[in-house]
Amino acid sequence: SEKNNLDKDRTRLEVAREEQNNAFSEKELELEEANERLASLETDLQQAHEIIKDHEDTINDRNDELATRVSPEETKKLQDVLEERDNDIKLKETKLHEVYEKLNTMDAKTSEYLQIIDDLNTELASTVSEKNNLDEDRKKNEADREEQNNA
């Protein structure tokens, strides 16, 4: 009966360890995917900054060119269009920063989950060690009892 209980405990511990390992693997995959998305977003942000810089240079060149050929009304219209585009760019940058913040939060949560899994694995290892010690004590007691019965 005690052996059955120990076998059941061992089985439960093995199942718990397997579940923890699966959860750990899932969290590692999520972290890897989040890191890949973050790297992609960083590349996109760098490209966006380069495009913005190119547009600003082009706009400045055109403004200089147009200033000598365009009426004040047309200049005002162009300035309004440029301002609208500038606002769109700022909005997109704001959204991109929000995505970065969300990814950083996900990364922190994943680290937290990984720490919990490490703690559970440590606890499981300790429990298995205790169980093994109890098994050894039980075997020793049985051997002592058998020796006493034979004597």
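Here, every reference points to the structure presented above.
Please read all numbers here as calculations on a predicted model, not as lab measurements. (Residues numbered from 1 in each chain as written. Predicted model: local features only at pLDDT ≥ 70, side-chain atom pairs only at ≥ 80, totals over all residues. Heavy atoms only, no water.)

Chemist: Help me get a handle on the overall build of the chain, residues and values and all.
Modeler: Each helix and strand counted, the chain has two helices and zero strands in total. Residue burial in the chain is summarised as follows: out of 151 residues, 15% are buried. Relative to all contacts within the chain whose residues are 6 or more apart in sequence, the contacts with residues 24 or more apart total 94%. A total of about 12000 Å² of accessible surface is found on the chain, and carbon and sulfur atoms cover 48% of it. Charged side chains of the chain number 23 positive and 44 negative; the gap between the two group centres comes to 4 Å. (Helix = DSSP H or I, 4+ residues; strand = E, 2+ residues; numbered from the N terminus. Buried < 20%, exposed > 50% of the residue type's maximum accessible area, 1.4 Å probe, protein only. Contact = heavy atoms within 4.5 Å. Areas by Shrake-Rupley, 256 points an atom, 1.4 Å probe, with all protein chains shown as cover. Lys, Arg positive; Asp, Glu negative; His and termini not counted. Charge placed at Lys NZ, Arg CZ, Asp CG, Glu CD.)

Chemist: How would you explain the nonpolar core if you had to name every residue and give the values?
Modeler: In terms of nonpolar packing, the biggest core is built from seven residues, these being Ala34, Leu38, Leu41, Leu45, Leu96, Tyr100 and Leu103. When residues of this core are traced back to their parent elements, those giving at least two are helix H1 (2–67) and helix H2 (72–150). Broken down by element, this core gets its largest block of residues, four residues, from H1. What Ala34 contacts, discounting residues up to four positions off in sequence, is Leu103 and Met106. (Core = buried A, V, L, I, M, F, W, Y, C linked by side-chain atoms within 4.5 Å.)

Chemist: An account of the pattern of salt bridges is requested, with residue identities and associated values reported.
Modeler: The full count for this structure, using the stated rule, is 11 salt bridges. Close ionic contact of Arg138 with Glu142 constitutes a salt bridge, the shortest N to O distance being 3.0 Å. One end of the pair is Arg138 and the other is Glu142, both in helix H2 and four residues apart, which spans about a single turn. The network of salt bridges with shared partners includes Lys3, Asp7, Arg10, Lys131 and Asp135. (Salt bridge = Lys/Arg side-chain N within 4 Å of Asp/Glu carboxyl O.)

Chemist: Quick one: what's the story with the side chain of Gln20, residue by residue and with numbers?
Modeler: Inspection of the secondary structure puts Gln20 in helix H1. Beyond its immediate stretch of four places on either side in the chain, Gln20 contacts Ile117, Leu120, Asn121 and Leu124.

Chemist: Tell me about a nonpolar patch on the surface, and please be specific about residues and values.
Modeler: Taken together, Tyr113, Ile116 and Leu120 make up a surface patch of nonpolar side chains, about 250 Å² in accessible area. Position of Ile116 relative to the elements: it lies in helix H2. A relative accessible area of 41% places Ile116 in the partly exposed class. (Patch = residues over 30% accessible without salt bridge, like charges linked within 9 Å, V, L, I, M, F, W, Y side chains within 5 Å.)

Chemist: Residue-level account of H2, with values.
Modeler: For H2, spanning 79 residues, the distance from its first C-alpha to its last is 116 Å, which sits close to the expected 117 Å at 1.5 Å a residue. Where H2 is buried, its residues touch H1. (Expected span 1.5 Å × (residues − 1).)

Chemist: Quick rundown of the environment of Glu130? Include the residues and the values.
Modeler: Among the secondary structure elements, Glu130 is positioned in helix H2. Sequence spacing of Glu130 and Gln115 is 15 residues, and the spatial spacing of their C-alpha atoms is 22 Å.

Chemist: Describe H1, with residues and values.
Modeler: With 66 residues, H1 ought to run about 98 Å at 1.5 Å a step, and its terminal C-alpha atoms sit 94 Å apart, in line with that. Here H1 has its buried residues at Leu6, Leu13, Gln20, Lys27, Leu31, Ala34, Leu38, Leu41, Leu45 and Ile52. Looking at the packing, one finds that the buried side of H1 touches H2.

Chemist: Describe the environment of Thr110, naming the residues involved and giving the relevant values.
Modeler: With respect to the helices and strands, Thr110 occurs in helix H2. Expressed as a C-alpha distance, the spacing of Thr110 and Lys27, which sit 83 residues apart in the sequence, is 6.3 Å. For Thr110, the contacting residues outside a window of four places in its chain are Lys27 and Leu31.

Chemist: How would you explain the packing of H1 against H2 if you had to name every residue and give the values?
Modeler: Interaxial distance between H1 and H2 falls to 8 Å at its minimum, and their mutual angle equals 165°. Here H2 runs roughly antiparallel to H1, going by the angle between their axes. Considering how the two elements wind past one another, H1 and H2 form a crossing that is left-handed. A class-by-class count of the residues in the contact of H1 with H2 yields 28 nonpolar, eight polar and 13 charged. (Axes fitted to C-alpha atoms, helices over the stretch in contact; angles between N-to-C directions. Parallel < 35°, antiparallel > 145°, perpendicular 65-115°, else oblique. Left-handed = near helix turned anticlockwise from the far one by under 90°. Nonpolar A, V, L, I, M, F, W, Y, C, P; charged D, E, K, R; others polar.)

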